[in-house]
Each structure stands twice: as C-alpha cells, then as structure tokens.
Amino acid sequence: MPIVKYPRATEPLWREWDGKAQKCGLRHTVYAVNGDQYTGEWLDNLKHGRGIQVWKRTGAIYSGDWKFGKRDGYGSYSIPDPVTKEYKKVYTGWWKNDRKCGYGVTFYPSNERYEGEWSGGLRSGWGRMYYRDGSIYEGQWLADQPSGQGMLRLPNENRYEGGWKDGRKHGPGKFFYLDKGQLFEGIWAADIPKCGTLIDFGRDEAPAPTQYPIPKIELADPDGVLAEAQAMFDDSQN
C-alpha cells in the first residue's frame, strides 16, 4: 500500500518576523521614527511597567511607571536648561492617564514651587504654593486656582485666612495686619473686602503700629448693621 506524504505546514515568514517584532517584557532602547527613544518594559507593543522616555525635540526625560502606553503611576519629568544643558526637575509625583494626578511637586521658573494634589494635570485638592515674592498660599485648589478655604502669608508676615474662588479672596475671611497690629474680619468678593469689622490686634507688639487706636463704634446697633451687610455680600453658601 503506497504511503502518501503530505508537506509539513509552515508558517509564512512574515508571521515569524512579526512575532519577533512584537515588544513585550524588558527591551533595550527602542527608537521611534521621530527620534524619540524609550528604554524599559513593554506589554503588547505598549510601554508598560518601568521605563525611561526621551523626547528628541525638547530633550525632556520622563522616568517612571507606564500603563498601556501612557504615564501612569509614580514618575519624574525633567527638561534641560537652555543655557547649561543640565537637567532640571519639573515634576515628581503621581500620574494617571498621562497627566499629573494625585500628590506631586512641580518646580516653576523663578524658584516657585507647588506641593500638593493634582487632578487631570491641574492643581486640585489640597496644596501649598511658594511664590517668587516670598508669599505662601496653603489650602484648597480647584482647576489650577485657589478655591475653597486657604491661607495666604505675605513676606511681611501679614496673612489672610478664609474663602477663595477662582484664585481670589471670596467669602468670609480674616486679614491679620501684624505689621500694624490690626485685624479685619468680614466678607470678600473677587479680592475686594466688602464689609466687616476692623479692630486692634496685637498693637503693642506690632513693628509699625498706627498712631492712634481704633475708636469705639458709636452705632446704636452695630451687630445688626454688620449682619445685614454680610447677608448682602456673602454668597459662600451658594
């Protein structure tokens, strides 16, 4: 009885080459067509795990966690100084879906710095901002602006404690004029104090007190007048 031999099925070469080209696991540096380079872990042809990305056009470097091709987890982002070419850290912290999300620290030009929470790449939640003039804001943020409750301390140690909206003082708050020994407590709207009371506060210890103390209020019903004015301007509960 004759024996029929069938040719052994073989995979086409393109399938073998394609399999070798699939990036999965730890790889050495992989260069993109535009010159960007990535060294680290992959999963199904996507950056996944720990890795370092270098962007050729800007020279920026990200070193940290990746998830399905996007920065996700903990990592740091740095850029080269245009003069010295040394790398300066711009952000260190948590990422989600390629954006800052969670707790992180951002370093701005002129030695400004933000430490706090992020959401969708914007300062949102609790955070502390150090400004170039020496002022420090500590409190709540929303959509990259101070919003909610917070405190602003000025370089001369005067400070504001109270409500904020869209980056400006808004709602009930207190302003401590420690240099003069006075305290204003009232309602703000769009950074402007609308109504309130001004009293002497630590006047004896103030470095530059006013010439005379604040006189006694002579209104028949000062509390009633103040309450009426506050009700007119206070929209913090809305």
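The structure under discussion appears in the preceding block.
Throughout, a residue's number is its position along its own chain's written sequence, starting from 1. Only residues with pLDDT of at least 70 get local features here, since the model is predicted, and only at 80 or more are side-chain atom pairs given and counted; chain-wide, interface and lining totals rely on the full set of residues. Calculated side-chain values reflect all of the structure's heavy atoms, with hydrogen atoms and water omitted.

Peer 1: Any chance you could explain the pattern of salt bridges here in plain terms?
Peer 2: One side chain can pair with another of opposite charge once the charged atoms of both are near each other. Definition used for salt bridges: Asp or Glu carboxyl oxygen within 4 Å of a side-chain nitrogen of Lys or Arg. One pass over the structure, following the stated rule, counts ten salt bridges. Notably, a salt bridge pairs Arg71 with Asp98, separated by 3.0 Å at the nearest N-O pair. Taken as a pair, Arg71 in strand S5 (residues 70-80) and Asp98 in the loop between strand S6 (87-96) and strand S7 (99-107) lie far apart in primary sequence, 27 residues in all. When a residue's accessible area, from a 1.4 Å probe over protein chains only, is under 20% of the maximum for its type it is buried; when over 50% it is exposed; and in between it is partly exposed. Its relative accessible area of 31% is what places Asp98 among the partly exposed residues. Helix and strand definitions here come from DSSP, where helices need a minimum of 4 consecutive H or I residues and strands a minimum of 2 consecutive E residues; each element is numbered from the N-terminal end.

Peer 1: Is there a simple way to explain unusual backbone geometry in this structure?
Peer 2: The general pattern is negative phi for most residues beyond glycine and trans for most peptide bonds. Positive phi outside glycine occurs at Ser110, with the angle close to 60 degrees. Examined against the element boundaries, Ser110 turns out to sit in the loop between S7 and strand S8 (113-119). For Ser110, a relative accessible area of 43% corresponds to the partly exposed category. Even without being a glycine, Asn111 presents a positive backbone phi close to 65 degrees. Examined against the element boundaries, Asn111 turns out to sit in the loop between S7 and S8. Here Asn111 falls in the exposed class, since its relative accessible area comes to 73%.

Peer 1: Would you mind showing me how to read the packing of aromatic side chains here?
Peer 2: Aromatic pairing here means that ring centres of Phe, Tyr or Trp (its six-membered ring) are within 6.5 Å. Orientation follows from the plane angle: under 30 degrees is stacked, over 60 is edge-to-face, and everything else is tilted. By the definition in use, this model includes 17 aromatic pairs. Between the aromatic rings of Tyr74 and Trp94, the centroid separation amounts to 5.3 Å while the plane-to-plane angle is 70 degrees, which identifies the pairing as edge-to-face. Taken as a pair, Tyr74 in strand S5 and Trp94 in strand S6 lie far apart in primary sequence, 20 residues in all. Given the relative accessible area of 42%, Trp94 is considered partly exposed. Aromatic pair Tyr160 and Trp164: ring centres 5.4 Å apart, planes at 80 degrees, arrangement edge-to-face. Its relative accessible area of 8% is what places Trp164 among the buried residues. Directly above the aromatic system of Tyr62 lies the positively charged group of Arg71, at a separation of 5.7 Å from the ring centroid. Working rule: Lys NZ or Arg CZ, within 6 Å of ring centre, within 35 degrees of ring normal, means a charge sits over the ring. Over the face of the ring belonging to Tyr130 we find Arg113, whose NZ or CZ atom lies 4.2 Å from the ring centre.

Peer 1: In this structure, what is going on with the nonpolar core? I would like to understand it.
Peer 2: Considering soluble globular proteins, one finds that nonpolar side chains tend to be buried as a cluster. By convention a nonpolar core is built from buried Ala, Val, Leu, Ile, Met, Phe, Trp, Tyr and Cys residues, the set being connected through side-chain atoms within 4.5 Å. Ranked by size, the top nonpolar core spans 17 residues in total, and within it Tyr114, Tyr137, Trp141, Tyr160, Trp164 and Trp188 carry the most contacts. Listing elements by their share of this core, those giving two or more residues are strand S2 (37-43), strand S4 (61-67), S6, S8, strand S10 (136-142), strand S12 (159-165) and strand S14 (182-189). The criterion used for residue contact is that any of the two residues' heavy atoms lie within 4.5 Å. Discounting residues that sit within four places of it in the chain, Tyr137 has contacts with Gly127, Arg128, Met129, Tyr131, Pro146, Ser147, Gln149, Gly150, Met151, Leu152 and Trp164.

Peer 1: I would appreciate a short explanation of the environment of Lys56 in the present structure.
Peer 2: Here Lys56 shows up in the loop between strand S3 (46-54) and S4. Accessibility expressed as a relative area gives 61% for Lys56, which makes it exposed. For the pair formed by Lys56 and Gln37, sequence separation is 19 residues and the distance between their alpha carbons is 7.6 Å. Not counting residues up to four positions away in its chain, the partners in contact with Lys56 are Asn34, Gly35 and Asp36.

Peer 1: Any chance you could explain the pairing of strand S13 (residues 168-177) here in plain terms?
Peer 2: Looking along a regular strand, one sees side chains alternate from face to face of the sheet. Strands pair, by our definition, only if DSSP identifies at least two bridges between them. When S12 meets S13, the two strands line up antiparallel, connected through six bridges. By the bridge assignment for S13, Trp164 is matched with Lys169. Between S12 and S13, which follow one another and run antiparallel, lie two residues, and Asp166 among them has a positive phi close to 55 degrees. Pairing of S13 with S14, which is carried by seven bridges, proceeds in the antiparallel orientation. By the bridge assignment for S14, Lys174 is matched with Glu185.

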